[in-house]
Amino acid sequence: DGNAKYTYELDLTKGKIPFAMNSMEAGTYELKASAYGSIITPETMEAVVKTGQTTDVTGFSVENNMGNLQGIVKDDKGNPVEGAEVTLSGGSRNFAASTGSDGSYAFTNVEAGNYKISFVKTGYASVNDVAVTVETGKNITMDDQILQMNTGTIYGKVYDASGNPAAGVTVALR
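Cut-off values and rules
Residues numbered from 1 in each chain as written. Predicted model: local features only at pLDDT ≥ 70, side-chain atom pairs only at ≥ 80, totals over all residues. Heavy atoms only, no water. Pairing = 2+ DSSP bridges. Helix = DSSP H or I, 4+ residues; strand = E, 2+ residues; numbered from the N terminus. Axes fitted to C-alpha atoms, helices over the stretch in contact; angles between N-to-C directions. Core = buried A, V, L, I, M, F, W, Y, C linked by side-chain atoms within 4.5 Å. Buried < 20%, exposed > 50% of the residue type's maximum accessible area, 1.4 Å probe, protein only. Contact = heavy atoms within 4.5 Å. Phe/Tyr/Trp six-rings, centres within 6.5 Å; stacked < 30°, edge-to-face > 60°. Lys NZ or Arg CZ within 6 Å of the ring centre and 35° of its normal. pLDDT = per-residue confidence, 0-100. Patch = residues over 30% accessible without salt bridge, like charges linked within 9 Å, V, L, I, M, F, W, Y side chains within 5 Å. Areas by Shrake-Rupley, 256 points an atom, 1.4 Å probe, with all protein chains shown as cover. Salt bridge = Lys/Arg side-chain N within 4 Å of Asp/Glu carboxyl O. Lys, Arg positive; Asp, Glu negative; His and termini not counted. Polar contact = N/O pair within 3.5 Å; in protein donor to acceptor, adjacent residues only side chain to side chain.

On the basis of which strands lie adjacent, the open sheet formed by four strands has the order β7-β6-β9-β10 and antiparallel pairing. Whereas interior strands pair on both sides, the edge strands pair on one side only; in this sheet they are β7 (95-98) and β10 (127-134). Put simply, the sheet's adjacent strands are angled 25 degrees from each other on average, direction ignored. Judged from the six bridges that link them, strand β9 (residues 113-120) and β10 form a sheet pairing that is antiparallel.

Turning to the nonpolar core, a few remarks are in order. Ranked by internal contacts, the top residues of the largest apolar core, which has 21 residues, are Leu-69, Leu-88, Tyr-105, Phe-107, Ile-117, Phe-119 and Leu-147. Contributions of two or more residues to this core are made by β5 (66-75), β6 (85-89), β7, β8 (104-111), β9 and β10. Setting aside residues no more than four positions away along its own chain, Leu-147 makes contact with Val-73, Lys-74, Asp-75, Asp-76, Val-81, Ala-84, Phe-119, Lys-121, Tyr-124, Ala-125 and Val-127.

Attention now moves to the packing of aromatic side chains. Counted by the stated rule, this structure contains three aromatic pairs. Grouping aromatic residues by their ring pairs yields a cluster made of Phe-95, Tyr-105, Phe-107 and Phe-119. Between Arg-93 and the ring centre of Tyr-36, over which it is positioned, the NZ or CZ distance is 3.9 Å.

A few words on the confidence of the model for the protein chain. For the protein chain, mean pLDDT is 88; residues scoring 70 or higher make up 90% of the total. Highest mean pLDDT in the protein chain belongs to β6 (97); lowest belongs to strand β4 (residues 61-64) (84).

This part is about the pairing of β7. Alternating residues of β7 divide into Phe-95 and Ala-97, all buried, and Ala-96 and Ser-98, none buried. Examined bridge by bridge, β6 and β7 share four bridges and lie antiparallel to one another. Each bridged residue has a counterpart across the sheet, and for Thr-87 the counterpart in β7 is Ala-96. As consecutive antiparallel partners, β6 and β7 are separated by five residues, and within that stretch Gly-90 has a phi angle of approximately 125 degrees, a positive value.

Locating Gly-113 in the fold gives a position in strand β9. Using a relative accessible area of 24% as the deciding quantity, one classes Gly-113 as partly exposed. Discounting chain neighbours no more than four positions away, the residues touching Gly-113 are Val-132, Thr-133 and Val-134.

Okay, a nonpolar patch on the surface next. A contiguous nonpolar surface patch, about 260 Å² in accessible area, is contributed by Val-158, Val-169 and Val-171. With respect to the helices and strands, the residue Val-171 is situated in the segment after β12 (145-147).

What follows covers the side chain of Asp-75. The residue Asp-75 is located in strand β5 in this model. The charged side chain of Asp-75 is buried without a salt bridge, its nearest counter-charge being Lys-77 at 6.1 Å. Within the structure, Asp-75 has its side chain in polar contact with the backbone nitrogen of Lys-77 (distance 2.9 Å). The contacts of Asp-75, once residues within four sequence positions are left out, are Val-81, Tyr-124, Ile-146 and Leu-147.

So, in structure tokens, the structure goes:
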């Protein structure tokens, strides 16, 4: 009826793969191919199906549109920060990673475009919305991200009424 939507998925990693949509009613259809991280040309193709005939719509071309992003998270003393949550957002997909023992993180096969990257770790001030552009076919290495510690120490002494150190006292923090 011209309003039906058909979806046919195929694995583009294997190279040229033919597809067939069988038992299509006679009529004119618009085909659109899409794949994450790919530029597909043309955007659409028209297929005119005639009763008893096969219509060839060969002609979509797929080009990789992905890159990679990596970096290191350190504390304000230059030490690697392990276990920081790193989030990449702003494209058609969001990505998340945790830093390794060396403070490193990596995002692979990210669709080219503009993103924001955020860094979160308990005990450190979060860093949000750092702008980054992923480029097709490129391995982007970010500058080291420094997280400032946001913890402190409470120190004190407890004395009795005579000014002597008091023993057996519990101090609670609320």
